[in-house]
Amino acid sequence: MLTLAADIEVLTRFGRALADPIRCQLLLALREAPAHPSDLADSLGISRTRLSNHLACLRDCGLVVAVPVGRRTRYELADPRLGHALDDLRTAVVAVESDRECADADEKGCC
């Protein structure tokens, strides 16, 4: 059983990964299927250097793994449950978002 401190660390790592739109795109792409960096860079329209930095962050967070395939490296989610977690989080946020309106979002700097 995880301790509260460990739970917080896990959620913090996941939040750090989701805090950047490119990392979100990468996680969603890898949720669909494993991919090579060159293919990911092309599909996201970013440089390979920039992609490499984001993949390093996701590896450091423990969310993706690099799998050697011959002379190339393929990336995939570290655990298939992460794909389900992304789906659950996305649908939960969409459901909550459609149920509320935040009239003063601009003033509060939220939403």
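All figures in this text were calculated on a predicted structure; none of them were measured in a lab.

### Points about the packing of helix H2 (residues 21–32) against helix H4 (residues 48–60)
Helix-helix packing is described using two parameters, namely the angle between the two axes and the distance between the axes.
Phase 1 of the analysis: Contact geometry of H2 with H4 gives a least axis separation of 10 Å together with a crossing angle of 75°. By the angle between their directions, the pair H2 and H4 is classed as roughly perpendicular. Counting all contacts with H2, which are made through Ile-22, Arg-23, Leu-26 and Leu-27, the residues of H4 involved are Arg-50, Leu-51, His-54, Leu-55, Cys-57 and Leu-58.
Phase 2 of the analysis: Classifying every residue of the contact of H2 with H4 by side-chain character gives seven nonpolar, one polar and two charged.

### Focus on the pattern of salt bridges
Phase 1 of the analysis: If you walk through the whole model with that rule in mind, you get four salt bridges.
Phase 2 of the analysis: Between Arg-31 and Asp-87 there is a salt bridge, with its nearest N and O atoms 2.6 Å apart. Of this pair, Arg-31 sits in helix H2 while Asp-87 sits in helix H5 (residues 80–99), and the two are 56 residues apart along the sequence.
Phase 3 of the analysis: Note on Asp-87: relative accessible area 25%, which makes it partly exposed.
Phase 4 of the analysis: Residue Arg-81 pairs with Asp-79 through a salt bridge whose shortest N-O separation is 2.8 Å.

### Focus: the environment of Gly-83
Phase 1 of the analysis: Here Gly-83 is to be found in helix H5.
Phase 2 of the analysis: Here Gly-83 falls in the buried class, since its relative accessible area comes to 7%.
Phase 3 of the analysis: Once the C-alpha coordinates of Gly-83 and Ala-29 are considered, the two residues, 54 residues apart in sequence, prove to be 9.9 Å apart.
Phase 4 of the analysis: When sequence neighbours within four positions are dropped, the list of residues in contact with Gly-83 reads Arg-31 and Leu-77.

### Regarding the environment of Leu-82
Phase 1 of the analysis: Tracing the sequence through the fold places Leu-82 in helix H5.
Phase 2 of the analysis: By relative accessible area, Leu-82 is classed as buried at 16%.
Phase 3 of the analysis: Sequence separation of Leu-82 and Leu-63 is 19 residues, and the distance between their C-alpha atoms is 7.6 Å.
Phase 4 of the analysis: Dropping the residues within four chain positions of it, Leu-82 is found in contact with Phe-14, Leu-63 and Leu-77.

### Thoughts on the side chain of Arg-23
Phase 1 of the analysis: Inspection of the secondary structure puts Arg-23 in helix H2.
Phase 2 of the analysis: One buried charged residue, Arg-23, remains without a salt bridge, the closest side chain of opposite sign being Asp-20 at 4.4 Å.

### A closer look at the nonpolar core
Phase 1 of the analysis: If you look at the biggest cluster of nonpolar residues, it comprises 22 residues, and the most contacted ones within it are Leu-26, Leu-27, Leu-30, Leu-51, Leu-58, Leu-63 and Val-64.
Phase 2 of the analysis: If we skip the residues at most four places from it in the chain, Leu-27 touches Ala-17, Leu-18, Leu-58, Leu-63, Val-64, Leu-77 and Leu-86.

Conventions we followed
- Residues numbered from 1 in each chain as written.
- Predicted model: local features only at pLDDT ≥ 70, side-chain atom pairs only at ≥ 80, totals over all residues.
- Heavy atoms only, no water.
- Axes fitted to C-alpha atoms, helices over the stretch in contact; angles between N-to-C directions.
- Helix = DSSP H or I, 4+ residues; strand = E, 2+ residues; numbered from the N terminus.
- Parallel < 35°, antiparallel > 145°, perpendicular 65-115°, else oblique.
- Contact = heavy atoms within 4.5 Å.
- Nonpolar A, V, L, I, M, F, W, Y, C, P; charged D, E, K, R; others polar.
- Salt bridge = Lys/Arg side-chain N within 4 Å of Asp/Glu carboxyl O.
- Buried < 20%, exposed > 50% of the residue type's maximum accessible area, 1.4 Å probe, protein only.
- Lys, Arg positive; Asp, Glu negative; His and termini not counted.
- Core = buried A, V, L, I, M, F, W, Y, C linked by side-chain atoms within 4.5 Å.

Read these as spatial facts, not as claims about activity.
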